[in-house]
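An overview of the molecular structure
Now for the letters of each chain:
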Amino acid sequence: MWGKAEFRGGLLVLLGALIVALAVVVSGRYLPGLILLQSLRFHMVAAGIVLALALIALGGRWRGALTLVPLLAAGLHGYWLVGELYTNRTMPDEAPVSQFRFLSFNVLSGNPRASELVDAVLADPPEIVLVMETPGIEPHLNRLAEIYPYRLGCERTESCDISLYSQLPIEEGGVQLFRPFNRERLVTARVRVNGLPVTIVGTHLTKPYDDHVVWQEMAILRRLLANIEGPLVLSGDFNSAIWTQSVGMLMQEGQLVPGPSTPATWPVRLGPFGVPIDNMFTRDNARILTLESGDSHGSNHRPLWATIGLYAAE
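As the structure is a computational prediction, the values presented were derived from the model and not from experiment. Here, residues in each chain are numbered from 1, in the same order as that chain's written sequence. Two thresholds apply to this predicted model, a pLDDT of at least 70 for residue-level local features and 80 or more for giving and counting side-chain atom pairs, whereas whole-chain, interface and lining totals are computed over all residues. Hydrogens and water molecules were not included; the side-chain quantities draw on all heavy atoms of the structure.

Some words on the state of the cysteines
The following threshold applies: By definition, disulfides here are pairs of cysteine sulfur atoms that lie within 2.5 Å. Relative accessibility under 20% of the residue-type maximum defines a buried residue, over 50% an exposed one, and the middle range a partly exposed one, all with a 1.4 Å probe and only protein chains included.
What the rule picks out here adds up to one disulfide. Residue pairing for cysteine 154: its cysteine sulfur links by disulfide to cysteine 160, the two sulfurs lying 1.9 Å apart. In this structure, the disulfide formed by cysteine 154 and cysteine 160 twists by about 75 degrees around the S-S bond and is classed as right-handed. Residue classification places cysteine 154 among the buried residues on the basis of a relative accessible area of 5%.

As structure tokens, then:
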């Protein structure tokens, strides 16, 4: 049987491991899985605070209090970092000239509630829908075609992943294979909303288990964004939060503006306490006016529903 002393010792070991991991996260020193740890930084801080309070409750007051210091420092650093990423979210004084609704959704391959998911989209259809893991709703794409006459992606099931559906004519665009896995995970579409042009870029990045692959994909995405002029909306499943090095660098180098918030999208069971690994950004004269997550309808991700405003050129 463990007594209080043994429990205190176990808690102290766990706290030590968490503090070391957070030190690596904050310093940005290379470590396999660093980007994954960075996405979880606030969850790690919250877990550490709970453990520190438990240690204090079990009689380890000084040790618990001392471990709270680096935990709170890591939390404040993360808060500061998010604030830095939001410094360029300035809103024009005038009202948007035009706006449209946009849905970005990783629907999950093999979704058991695919019909219900498509019903929900068609019940209140936005002008543009970006879908990741499209095979999850492939049997119902003909129903989407009745509302969305313009489509890009998933012509071949073997390489299918990302697809885009639009009520607005697509002037130019296409789907690219994301190396090194050669899946259709990158789509671009240029449309006009009441005469104003805007380019939609959709992406589905690899899970951050291999940092080298993540940085390779980010380099491809940065080059693509650098060659696009005018208002732009970038959205998709990044498998990382905005406070990771990879996404943060993409935002800074691409001059991307975040939405009014970063809704949690994964895991679904945690609801608003999950991680915002699905993200949306704009550039130039486009801004995200509203951004919220919704019901998962059988997916392991929650969708992002947005209203995008387009402003007159300065």
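Structural notes on the sheet that holds strand 8 (residues 232–237)
Formally: In this description, strands pair whenever DSSP reports at least two bridges between them. For helices the rule is a DSSP run of H or I covering at least 4 residues; for strands it is a run of E covering at least 2, with both sets numbered from the N terminus onward.
Read from one edge to the other, the open sheet built from six strands follows the order 5-6-7-8-10-9, with strand pairing classed as mixed. Looking at the sheet topology across the chains shown, the edges are occupied by strand 5 (172–178) and strand 9 (257–258). Of the pairings in the sheet, the one linking strand 9 to strand 10 (residues 278–283) comprises two bridges and is antiparallel in character. By the bridge assignment for strand 10, valine 257 is matched with threonine 282.

A short note on the sheet that holds strand 2 (residues 128–132)
Quick note on the threshold: To obtain an axis, a line is fitted to C-alpha atoms, over the contacting stretch when the element is a helix, and the angle between two such axes runs from 0 to 180 degrees between their N-to-C directions.
Pairing is mixed in the open sheet, where six strands are placed in the order 3-4-2-1-12-11. Each edge of the open sheet carries a strand with a single partner, namely strand 3 (150–152) and strand 11 (286–293). Averaged over all pairs of adjacent strands, the angle between their axes in this sheet comes to 20 degrees, without regard to strand direction. Two strands pair when backbone bridges link them, and strand 11 and strand 12 (residues 304–310) are joined in this way by seven bridges, in the antiparallel orientation. When the bridges of strand 12 are listed, leucine 291 appears paired with alanine 306.

Looking at the packing of helix 3 (residues 41–57) against helix 4 (residues 61–85)
Spelled out, the test is: For classification, angles of less than 35 degrees are called roughly parallel, those exceeding 145 degrees roughly antiparallel, those between 65 and 115 degrees roughly perpendicular, and all remaining angles oblique. Handedness of a crossing follows from how the near helix is turned relative to the far one, being left-handed for an anticlockwise turn of less than a right angle and right-handed for a clockwise one. Charged residues are taken to be Asp, Glu, Lys and Arg, nonpolar residues to be Ala, Val, Leu, Ile, Met, Phe, Trp, Tyr, Cys and Pro, and polar residues to be all remaining types, Gly included.
Close contact between helix 3 and helix 4 brings their axes to 9 Å; oriented N to C, the two are set at 160 degrees. Taken as axis vectors, helix 3 and helix 4 run roughly antiparallel relative to one another. Viewed along their axes, helix 3 and helix 4 form a crossing whose handedness is left-handed. In the contact of helix 3 with helix 4, the residues fall into 14 nonpolar, six polar and three charged.

So, the nonpolar core
Cut-off, in case you're wondering: Definition of nonpolar core: a set of buried residues of the types Ala, Val, Leu, Ile, Met, Phe, Trp, Tyr and Cys, connected through side-chain atoms within 4.5 Å. Whether two residues are in contact is decided by their heavy atoms: any pair within 4.5 Å suffices.
Ranked by internal contacts, the top residues of the largest apolar core, which has 28 residues, are Val201, Leu221, Leu234 and Phe238. Going through the elements one at a time, helix 4, helix 7 (211–226), strand 8 and helix 8 (245–253) are the ones with two or more residues in this core. At six residues, the largest contribution of residues to this core is made by helix 7. Discounting chain neighbours no more than four positions away, the residues touching phenylalanine 238 are Thr203, Leu205, Met218, Leu221, Val247, Leu250, Ile277, Asp278, Asn279 and Phe281. If you look at the next biggest cluster of nonpolar residues, it comprises 24 residues, including Ile128, Val193, Ile288 and Leu304.

Quick look at unusual backbone geometry
Cis geometry is found at the peptide bond from tryptophan 266 to proline 267, where omega equals -15 degrees. Tracing the chain through its elements places proline 267 in the loop between strand 9 and strand 10. You will see that glutamate 133, though not glycine, has its phi angle at about 55 degrees, which is positive. Here glutamate 133 shows up in the loop between strand 2 and helix 6 (141–147). Here glutamine 255, not a glycine, exhibits a phi torsion of approximately 55 degrees, which is positive. Note that glutamine 255 resides in the loop between helix 8 and strand 9.

Observations regarding the pattern of salt bridges
Here is the rule we go by: By convention in these notes, a salt bridge is any Lys or Arg side-chain nitrogen within 4 Å of a carboxyl oxygen on Asp or Glu.
In the structure shown here, the tally under the stated rule is seven salt bridges. Where arginine 192 meets glutamate 171, a salt bridge forms, and the shortest distance between an N and an O atom there is 2.6 Å. Linking arginine 192 in strand 6 (residues 183–193) with glutamate 171 in the loop between strand 4 (163–166) and strand 5, this pair joins segments that are 21 residues apart in sequence. A relative accessible area of 36% places arginine 192 in the partly exposed class. For glutamate 253, the salt bridge is made with arginine 222, and the minimal N-O distance between the two is 3.0 Å. With a gap of 31 residues between them, glutamate 253 in helix 8 and arginine 222 in helix 7 connect regions that are remote in the sequence. What emerges from the salt-bridge pattern is a single network uniting Glu171, Arg190 and Arg192.

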